[in-house]
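Each chain is listed here by its residues.
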Amino acid sequence: MKQKRSYIAYNIFHRGLDIVVSLFLLILVLPFFPIVAFIIKYQSPGPLFFSQERTGLDGKTFRMYKFRSMHVNTESNSKQATVNDPRKFPFGKIMRRTSIDELPQLFNILIGDMSVIGPRPHMLAHTEYYTKNIPFYMERHAVRPGLTGWAQVTGWRGDTPEIWMMEGRVIRDLWYIDHRSVKLDIKILVLTVLCVIFPAKGAH
């Protein structure tokens, strides 16, 4: 019974963290959205936002939003971004490296599709592929996907051209799910801030 109460208390904290952090960041960054919008439109014709179906909690599909960081192309739903990806326009590269492109996901967090902290959501084509090639892959969907996660703050960020790279990321996602706690969530939050200030080489 004590363990159950602890689990309920943690879930309340986790959701509370989602609401507080996402609202705080939205209030902080919303004034800059028009500037971001202007630069995106100036450098690359097309929509301001990029939306894509991703795999979420319990394997259910949801629509995730980002600022568009690439020219409009036909490979968005199947091909990961790479370091020197020609699809990225100049400001798009900056947004991806500093995670500015992820800011619209704060709305995904507010409505409950995502959390601030959890395994990063993957495109449907990758979910299908990795489910067939990594036996424990779907276990990472036992919690809501996150804006940031244990894998991202421990150096496992970027494209995964080889299967062992995704295996390493999934192992860290599952470790987080097994060890999640208030203390660990706060640690990941602090490390995420440091990663934004000092972007890792794998950030692209």
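Before any of the text, the structure's been laid out above.
All of these numbers come straight from a predicted model, not from anything done at the bench. Numbers given to residues run from 1 along each chain, matching the order in which its sequence is written. Only residues with pLDDT of at least 70 are given local features in this predicted model, and only at 80 or more are side-chain atom pairs given and counted; all residues enter the totals for whole chains, interfaces and linings. In computing side-chain values, all of the structure's heavy atoms are included and hydrogens and water are not.

Trainee: Sorry if this is basic, but what is going on with the overall build of the protein here?
Mentor: Counting from the N terminus, the helices are DSSP H or I runs at least four residues long and the strands are E runs at least two residues long. Along the protein, the regular secondary structure elements total eight helices and four strands. Secondary structure elements of the protein, listed N to C terminal, follow the sequence α-α-β-β-α-α-β-α-β-α-α-α. For every residue, the accessible area obtained with a 1.4 Å probe (protein chains only) is divided by the maximum for its type, and the residue is called buried under 20%, exposed over 50%, and partly exposed between those limits. Taking all 204 residues of the protein together, 42% fall into the buried category. Any pair of residues with heavy atoms lying within 4.5 Å of one another is described as a contacting pair. Taking the intrachain contacts of the protein between residues at least 6 apart in sequence as the baseline, contacts between residues at least 24 apart amount to 71%. What sets the accessible areas is the Shrake-Rupley method with a 1.4 Å probe; for residues, cover comes only from the shown protein chains. Of the accessible surface of the protein, which amounts to about 11200 Å², a share of 66% is contributed by carbon and sulfur atoms. Side-chain charges in the protein split into 27 positive and 16 negative, and the spacing between the mean points of these groups amounts to 5 Å. Charge assignment: positive for Lys and Arg, negative for Asp and Glu; neither His nor the chain ends contribute. To locate a charge, take NZ of a lysine, CZ of an arginine, CG of an aspartate or CD of a glutamate.

Trainee: Any chance you could explain helix α3 (residues 90-98) here in plain terms?
Mentor: Three- or four-residue spacings in an α-helix give side chains the same orientation, since the helix completes a turn every 3.6 residues. Where α3 is concerned, the buried positions are Phe91, Gly92, Met95 and Arg96. Here the buried residues of α3 occupy an arc of 135° about the axis, which is enough to place them on one side. Buried positions along α3 lie against α2 (33-43) and β2 (61-67). One or two steps after α3, the chain reaches Ser99, where phi turns positive at roughly 70°. Of all possible arcs, the one meant is that of the directions from the helix axis to the C-beta atoms.

Trainee: It is not clear to me how the nonpolar core should be interpreted in this structure. Could you clarify?
Mentor: Where a protein is soluble and globular, its nonpolar side chains tend to be buried together. With 24 residues, the main nonpolar core has Ile117, Tyr137, Trp150, Met166, Tyr176 and Ile188 as its most contacted residues. Listed by contribution, the elements that provide at least two residues to this core are α1 (2-29), β2, α4 (105-110), β3 (115-117), α6 (150-153), α7 (163-179) and α8 (182-197). Residues belong to a common nonpolar core when they are buried Ala, Val, Leu, Ile, Met, Phe, Trp, Tyr or Cys residues joined through side-chain atoms within 4.5 Å. Membership of the second largest hydrophobic core comes to 10 residues, among which are Phe33, Val36, Phe89 and Met95.

Trainee: Would you explain the layout of surface pockets in this entry?
Mentor: Here a cavity means grid points, on a 1 Å grid over the protein atoms only, where a 1.4 Å probe fits yet cannot get out; a pocket means an open set of points with protein on both sides within 12 Å along at least five of seven lines; lining residues are those with an atom within 4 Å of a point. Grid points are joined across faces, edges and corners, and a volume is the space filled by probe spheres set on the points. Of the voids in this model, the second largest pocket is the one considered here, and its volume is about 200 Å³. Considering the residues around the second largest pocket, the lining is formed by 13 residues, among which Asn11, His14, Val143, Arg144 and Arg180 are closest to the centre. In terms of residue count, α1 provides more of the lining of the second largest pocket than any other element does, six residues in total. In this count, Pro and Cys sit with the nonpolar residues alongside Ala, Val, Leu, Ile, Met, Phe, Trp and Tyr, while Asp, Glu, Lys and Arg are called charged and the others, Gly among them, polar. For the lining of the second largest pocket, the residue count by class is six nonpolar, three polar and four charged.

Trainee: Would you mind showing me how to read the packing of aromatic side chains here?
Mentor: To describe a pair of aromatic rings, one takes the distance between the centres and the angle between the planes. Aromatic pairs are defined between Phe, Tyr and Trp rings, using the six-membered ring for Trp, whenever the two ring centres lie within 6.5 Å; interplanar angles under 30 degrees are classed as stacked, those over 60 as edge-to-face, and all others as tilted. Applying the stated criterion across every chain yields a total of eight aromatic pairs. When the ring of Phe33 is compared with that of Phe67, the centres are 5.0 Å apart and the planes differ by 75°; the resulting orientation is edge-to-face. On the criterion of sequence distance, the pair formed by Phe33 in helix α2 and Phe67 in strand β2 is long-range, its members being 34 residues apart. Taking the relative accessible area as the measure of exposure, Phe67 reaches 1% and is therefore buried. Geometrically, the ring pair formed by Tyr129 and Tyr130 is edge-to-face, given 5.1 Å between the ring centres and 75° between the ring planes. Joined through ring pairs, the aromatic side chains of Phe33, Phe49 and Phe67 make up one cluster.

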